[in-house]
Amino acid sequence: MKLYGTCKFVNKKVILRIRDRICETSEELLESDLFVAVLSRYVGELKRRQSTLLGIFGKPVSQIGDKDINTLVKILQILGKMPLDTVPKLLENGKQFADKPELLLSFVEGLYNYWRTFERFIICDSTLEDFDKRPYRTFDATIEALMHLVRQTYREIEEHITGLHPHIYRQVHAGAELAVIALPKDLHLPPGTYSKLQRIPLIRQLLLYPPLLLDPPMNKRSGRFERVERNPLDLVNPDNGEWLCYPAKVGSLLILVYIHEKFYELGFSLCNLFEPAEDAFLERPADAVYLFGVPGNALDDLAALPTVFYDDEENNILVGACPNEDRFAYFGYLKKMILTLHNIVMMKRGNLPFHGAMVRILSNGGEEKNILIIGESGTGKSETLEALRIIGENRIREMLIIADDMGSLELGADDRLLARGTEVGAFVRLDDLQPGYAFGQLDRSIIMNPGRVNSRILLPVTTYEDLIKGSPVDMVLYANNYEEVDEEHPLIDMLENPESALHIFREGTAMSKGTTTATGLVHSYFANIFGPVQYKALHETIAKKFFDAFYTKGIFVGQLRTRLGIPGYEQKGPEEAAKALLERI
């Protein structure tokens, strides 16, 4: 019997695609292809380890085969309804299992835990049914029902083995961890090579059970994204059975992110960073497309590090691409390429992209300040603002995040200087956050690489409306994480003129914090290798115009010494920087 859909194992992922209903009873679940596949894989893993749990079969490990697994399936089906002592009566060769209840119980517990080691995704394919018009019915009938059914089946089997009821019920997420509704939709893409993207289903809704713990193979990013002279889409023919599209609202832009199934866990995590575009937003032409997880070696000849983008000036669209090799299985390759594409479009429109965090602070006295902190990854931008939130609890009425990592500045027709953000979420180093804050946000978060260097938490921090409406700027600070503080180097150091400010920002000096493969003291052009480096001449002209505007308009420009890159100051540095910032505003 099928699970009323198809199931596929991709590394440590289980991908279940459904179009109608799922199993509704324990019997249907235990007869499903998915259950038999998981059981077979579990037995295979036990055979590899020569586990004593295989003693339930009563024969040498080397002799355990498909017939034995089928017998075990029948036994578990019986145990889903009746006590263990009925097994020998209903199944001729069931006595050997009934004679070892403690071993059988350990086997069942191990199977349940093995199932939960997989990252489990449900994709509701609404080709035949307009599921996205009935989201509650769809999600209730898939995620909730499957979760309860798996737990119920496990508990009934264990109770029928032991004859006892548990005293503690742990409501773990035993079904899918994340589900999406996807359907085909005609998009406003250029003709020709772009038409092959039209057949890929578009994600319309997502549901996840946070905290979601992911452990992708990589925990840092390397290199920068290279501009190439050939459209990667000419070299790729995406299979619509392996790809899904996440239509991301990146600031004011529409970027279509095409995700290969090998990287689903990373691609689906975009829901905590960028809002998915609604139907009205999709009526506009796409500003960029990004193929994340291109199989094979199609991109290898384009650049030494095949994380590439192409500027299709004829069709006024950018195309990014990244291979699906394990070395690129890190969320930074997804997020930063998307932001690179955003920054290039902004520069072409005459705006200045920034790599930084911006916050609006409203004091109890009614004063309002909009502060922009620019700096490399790991320089303490977000950490300082979170410390400010805690330290200023009694003096700050409200803190509103406008940009957490990237955004752009524009000079309007009336010569007003405004800032806009790009992401509704934050992708922050877990070990640099205030512990109370990190733990307080677990109910909304996606955590990546827990327990490893550069472990990250991904969580929503603002609304799309707040980041996109345009905010004036009162302070522009460079996040200096490498210098000690003394009389000549205060926590906040004002830069006297545009030339000295441009020099500091252009140098982009920072102490690497392990967020990339770079180490020690590093330099990056305007702390932003995500677009400005690739379009340096254009960026220089724009930067000069905006820095002149900062001083003409009386905006405070300076350095903020966070000391995040100095050992021993991982928390103390941002805290003291936040205190100095609080006093100044």
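Residues numbered from 1 in each chain as written. Predicted model: local features only at pLDDT ≥ 70, side-chain atom pairs only at ≥ 80, totals over all residues. Heavy atoms only, no water.

Novice: Help me understand the overall build of the chain in this model?
Specialist: Across its full length, the chain holds 15 helices and 27 strands. For the chain, the C-alpha radius of gyration of 27 Å lies close to 25 Å, the compact-globule estimate for 585 residues. C-alpha extents for the chain along the principal axes are approximately 90 × 55 × 45 Å. Sorting the 585 residues of the chain into buried and exposed places 59% on the buried side. (Helix = DSSP H or I, 4+ residues; strand = E, 2+ residues; numbered from the N terminus. Rg over C-alpha atoms; globule rule 2.2 N^0.38 Å. Buried < 20%, exposed > 50% of the residue type's maximum accessible area, 1.4 Å probe, protein only.)

Novice: When you look at the packing of aromatic side chains in this model, what are you seeing that I'm missing?
Specialist: Each aromatic ring pair is characterised by the separation of its centres together with the angle its planes make. Within the structure shown, the criterion is met by 21 aromatic pairs. Ring centres 5.3 Å apart and planes at 40 degrees place the aromatic pair Tyr42 and Tyr114 in the tilted group. Here Tyr114 lies in helix H6 (residues 101–116) and Tyr42 lies in helix H2 (residues 33–49), a separation of 72 residues in the sequence. Look at Tyr114 and you get buried, because its relative accessible area is 14%. Their ring planes at 65 degrees and their centres at 6.1 Å tell us that Phe526 and Phe547 sit as a pair that is edge-to-face. With Phe526 in the loop between strand S26 (521–523) and helix H14 (536–552) and Phe547 in helix H14, this residue pair connects regions lying 21 residues apart in the sequence. With respect to burial, Phe526 and Phe547 carry one shared label: buried. A connected cluster of aromatic rings, assembled from ring pairs, spans Phe9, Tyr42, Phe57, Phe97, Phe107, Tyr114 and Phe118. Over the ring of Phe9 we find Arg41, and its NZ or CZ is 3.9 Å from the ring centre. The ring of Phe427 carries Arg456 above its face, with NZ or CZ at 4.8 Å from the centroid. (Phe/Tyr/Trp six-rings, centres within 6.5 Å; stacked < 30°, edge-to-face > 60°. Lys NZ or Arg CZ within 6 Å of the ring centre and 35° of its normal.)

Novice: Teacher, can you tell me more about the nonpolar core here?
Specialist: Side chains that are nonpolar tend, in soluble globular proteins, to be buried together. Within the largest apolar cluster, 84 residues are counted, with the highest numbers of intra-cluster contacts made by Val257 and Leu409. Among the elements that take part in this core, helix H9 (residues 331–348) stands out by supplying eleven residues, more than any other. In this structure, Leu409 is in contact with Asn351, Leu352, Phe354, Leu372, Leu417, Leu418, Ala419, Val473, Phe546 and Phe550, ignoring residues within four places of it in sequence. Counting 57 residues, the second largest nonpolar core, distinct from the first, contains Phe57, Ile69, Ile75 and Tyr154. (Core = buried A, V, L, I, M, F, W, Y, C linked by side-chain atoms within 4.5 Å. Contact = heavy atoms within 4.5 Å.)

Novice: Would you take a moment to explain the sheet that holds strand S21 (residues 456–460) for this structure?
Specialist: In spatial order, the strands read S6-S20-S21-S19; together these four strands make up an open sheet with mixed pairing. Two strands lie at the open edges of the sheet, namely strand S6 (212–214) and strand S19 (425–429), each paired on one side alone. Mean inter-strand twist for the sheet, computed between neighbouring axes without regard to direction, equals 20 degrees. As paired elements, S19 and S21 share five bridges and run antiparallel to each other. From the neighbouring strand, Gly425 faces S21, where its bridge partner is Pro460. (Pairing = 2+ DSSP bridges. Axes fitted to C-alpha atoms, helices over the stretch in contact; angles between N-to-C directions.)

Novice: Looking at this model, I keep getting lost on unusual backbone geometry. Mind explaining?
Specialist: The phi angle of most residues is negative, glycine excepted, and most peptide bonds adopt the trans form. Geometrically, the link from Pro210 to Pro211 is a cis peptide bond, its omega value of -5 degrees lying close to zero. Along the polypeptide, Pro211 turns up in the loop between strand S5 (202–208) and S6. Even without being glycine, Asn454 reaches a positive phi, approximately 65 degrees. Take Asn454: its relative accessible area is 0%, and that puts it in the buried class. A positive phi is found at Phe526, a non-glycine position, where the angle reads about 55 degrees. On the accessibility criterion, Phe526 (8% relative accessible area) is buried.

Novice: Got a minute to help me understand the side chain of Arg420 in this structure?
Specialist: Looking at where Arg420 falls in the secondary structure, it is placed in strand S18 (residues 417–421). A polar atom in the side chain of Arg420 sits 2.6 Å from the backbone oxygen of Ile468. (Polar contact = N/O pair within 3.5 Å; in protein donor to acceptor, adjacent residues only side chain to side chain.)

Novice: What is the right way to read the state of the cysteines from this model?
Specialist: By definition, a disulfide links two cysteine residues through a covalent bond between their sulfur atoms. Scanning the entire structure with this criterion turns up zero disulfides. Note on Cys271: no disulfide assigned, nearest cysteine sulfur contributed by Cys245 at a separation of 15 Å. (Disulfide = S-S within 2.5 Å.)

Novice: What exactly am I supposed to notice about the side chain of Thr71 here?
Specialist: Topologically, Thr71 is positioned in helix H3 (residues 66–79). We classify Thr71 as buried; its relative accessible area is 13%. If sequence neighbours within four positions are ignored, Thr71 has contacts with Leu91, Asn93 and Phe97.

Novice: How do you make sense of the environment of Thr463 when you look at a structure like this?
Specialist: Mapped onto the secondary structure, Thr463 falls in the loop between S21 and helix H12 (464–468). Sequence-wise, Thr463 and Val424 are 39 residues apart; in three dimensions their C-alpha atoms are separated by 5.5 Å.

Novice: How do you make sense of the environment of Ser408 when you look at a structure like this?
Specialist: You can see Ser408 is positioned in strand S17 (residues 406–411). By relative accessible area, which is 5% here, Ser408 ends up buried. When the C-alpha positions of Ser408 and Asp311 are compared, they lie 20 Å apart, and in sequence the two are 97 residues distant. Every residue in contact with Ser408, bar those within four places of it in the chain, is listed here: His342, Met346, Leu352, Pro353, Phe354, Leu418, Ala419 and Arg420.

Novice: What's the story with the pairing of strand S9 (residues 253–260) in this structure? I'm lost.
Specialist: Side-chain direction in a regular strand flips from residue to residue, so the side chains alternate between the two faces of the sheet. When you tally the buried positions in S9, you get eight out of eight residues, the bulk of the element. Alignment of strand S8 (residues 243–250) against S9, held across eight bridges, turns out to be antiparallel. Residue pairing for S9: Tyr246 is matched across the bridge by Val257. Turn length for the S8-S9 hairpin, with the two strands adjacent in sequence and antiparallel, is two residues, and the turn residue Gly251 shows positive phi of about 60 degrees. Relative to strand S11 (residues 288–294), S9 is paired through five bridges, and the arrangement is parallel. Across the sheet, the residue bridging to Ile255 is Ala288, located in S11.

Novice: Would you explain helix H13 (residues 498–507) in this entry?
Specialist: The α-helix advances 3.6 residues per turn, and as a result positions three or four apart in sequence lie on the same side. Of the positions making up H13, those classed as buried are Pro498, Ala501, Leu502 and Phe505. Summarising the axial view, the buried residues of H13 lie within an arc of 100 degrees, below the 170-degree limit, and thus occupy one face. Where H13 is buried, its residues contact strand S15 (368–374), strand S23 (475–480), H14 and strand S27 (556–561). Directly beyond the C-terminal end of H13, a positive phi value near 55 degrees is found at Gly508. (Arc of directions from axis to C-beta.)

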